[in-house]
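One letter stands for each residue in the lines below.
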Amino acid sequence: MASNDPGAAPLHVVILCHPDDNSFNASVARAYCDAVEKHGHRAILRDLYAMNFNPILRREERPGPAFRRFPDVADELAILADAVAFVLVYPIWFGTPPAMMKGYVERVLGSAATAQDVQAAAAKGVLTGKVMISFTSSAAREVWLNLQGQVNGLRSCFDHYIKHAFALRMVRHVHYDEIVDGVDAGFVRQYLSDVRMEAGKVIRELADASARAAAAG
């Protein structure tokens, strides 16, 4: 669980959305967590399938007089509150994130946010000023996906939308293609090495931002 101790190591919250806990995506999530912990940061892995997360936005969760926040959403928001980095790990299915990931955005990140808040970049909450990195995978080659406009479309309608709507400071998206059963183990090792390097980049960027803020203050 996240800590409110100001002396605690920086926290990265990793949201994994894949039904197979032996999947490439699961390996990516674990590699990221291991990497940040080796750098002295903390990591919390939230495996949505293992948690049996309910992605269905209920009537009572929509902004309005009858609004209420359900306990599972309150728990996620409490965990995210202390994070410096927010990491999404998921496959691209039919050109979009899995329904459970979309439901997490709607129920957790968008909790109590109105359309007016989103348009004004005023949906201030647990992600304000934080870093988000997405790791995605596909069975199709990225060249083919690009011809369909899928990867760029996803970055635009998901990553950059979330950045604007919830006032994130930075977003980055890393995609791995041709992830199929029997994928060469050497490629997987290289990809996971890339994930660890990306974790290091995020940590350096966080350190640089902290140094700039300290100098400005």
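Residues numbered from 1 in each chain as written. Predicted model: local features only at pLDDT ≥ 70, side-chain atom pairs only at ≥ 80, totals over all residues. Heavy atoms only, no water.

### Points about helix α3 (residues 71-81)
Here α3 has its buried residues at Val-73, Glu-76, Leu-77, Ile-79 and Leu-80. One side of α3 carries all its buried residues, which in axial view fall inside an arc of 160°. Packing partners of the buried residues in α3 comprise β1 (11-16), β2 (42-47), α2 (48-51), β3 (83-91) and α4 (99-109). (Buried < 20%, exposed > 50% of the residue type's maximum accessible area, 1.4 Å probe, protein only. Helix = DSSP H or I, 4+ residues; strand = E, 2+ residues; numbered from the N terminus. Arc of directions from axis to C-beta. Contact = heavy atoms within 4.5 Å.)

### Section: the sheet that holds β3
Taken together, the five strands give an open sheet; going across it, the order is β2-β1-β3-β4-β5, and neighbouring strands pair in parallel fashion. Bordering the open sheet on either side are β2 and β5 (170-176), each of which pairs with just one other strand. Going from strand to strand, the sheet's axes swing by 15° on average, the running direction of each strand aside. Strand direction decides the pairing type here: β1 and β2, joined by six bridges, are parallel. Counted as the bridge partner of Leu-11 is Arg-42 from β2. Sheet strands in contact with α3 are β1, β2 and β3, and its direction is about 125° off that of β3. (Pairing = 2+ DSSP bridges. Axes fitted to C-alpha atoms, helices over the stretch in contact; angles between N-to-C directions.)

### A closer look at the packing of aromatic side chains
Throughout the structure, instances matching the rule amount to seven aromatic pairs. Measuring from centroid to centroid gives 4.9 Å for Tyr-176 and Tyr-191, while their planes differ by 40°, and the two rings are tilted. Of this pair, Tyr-176 sits in strand β5 while Tyr-191 sits in helix α8 (residues 185-216), and the two are 15 residues apart along the sequence. Since its relative accessible area comes to 17%, Tyr-191 is described here as buried. On the numbers, 6.5 Å between centres and 25° between planes, the contact of Phe-187 with Tyr-191 is stacked. Remark: Tyr-191 and Phe-187 occur in helix α8; sequence separation between them is four residues, near one turn of the helix. The rings of Phe-24, Tyr-176, Phe-187 and Tyr-191 are connected pair by pair, giving a single aromatic cluster. Over the aromatic face of Phe-70 sits the side chain of Arg-58, whose NZ or CZ is 3.8 Å from the ring centroid. Directly above the ring of Phe-70 sits Arg-68, whose terminal nitrogen or CZ lies 4.0 Å from the centroid. (Phe/Tyr/Trp six-rings, centres within 6.5 Å; stacked < 30°, edge-to-face > 60°. Lys NZ or Arg CZ within 6 Å of the ring centre and 35° of its normal.)

### Thoughts on the pattern of salt bridges
One side chain can pair with another of opposite charge once the charged atoms of both are near each other. One pass over the full model with this rule turns up nine salt bridges. Close ionic contact of Arg-58 with Glu-61 constitutes a salt bridge, the shortest N to O distance being 3.6 Å. In this structure Arg-58 comes out as partly exposed when scored by relative accessible area, which is 27%. Note that Arg-107 is salt-bridged to Asp-72, the shortest N-O span being 2.7 Å. With Arg-107 in helix α4 and Asp-72 in helix α3, this pair connects stretches of sequence that are 35 residues apart. The structure contains a network of salt bridges with shared partners spanning Arg-58, Glu-61, Asp-72 and Arg-107. (Salt bridge = Lys/Arg side-chain N within 4 Å of Asp/Glu carboxyl O.)

### What about α8?
For α8, spanning 32 residues, the distance from its first C-alpha to its last is 47 Å, which sits close to the expected 46 Å at 1.5 Å a residue. All buried positions along α8 are accounted for by Val-188, Tyr-191, Leu-192, Val-195, Glu-198, Ala-199, Gly-200, Val-202, Ile-203, Leu-206 and Ala-209. If you follow the buried residues of α8, they end up packed against β1, α1 (24-38), β3, β4 (131-137) and β5. Sitting at the amino-terminal end of α8 is Asp-184, which places a side-chain oxygen 2.7 Å from the backbone nitrogen of Gly-186. (Expected span 1.5 Å × (residues − 1). Polar contact = N/O pair within 3.5 Å; in protein donor to acceptor, adjacent residues only side chain to side chain.)

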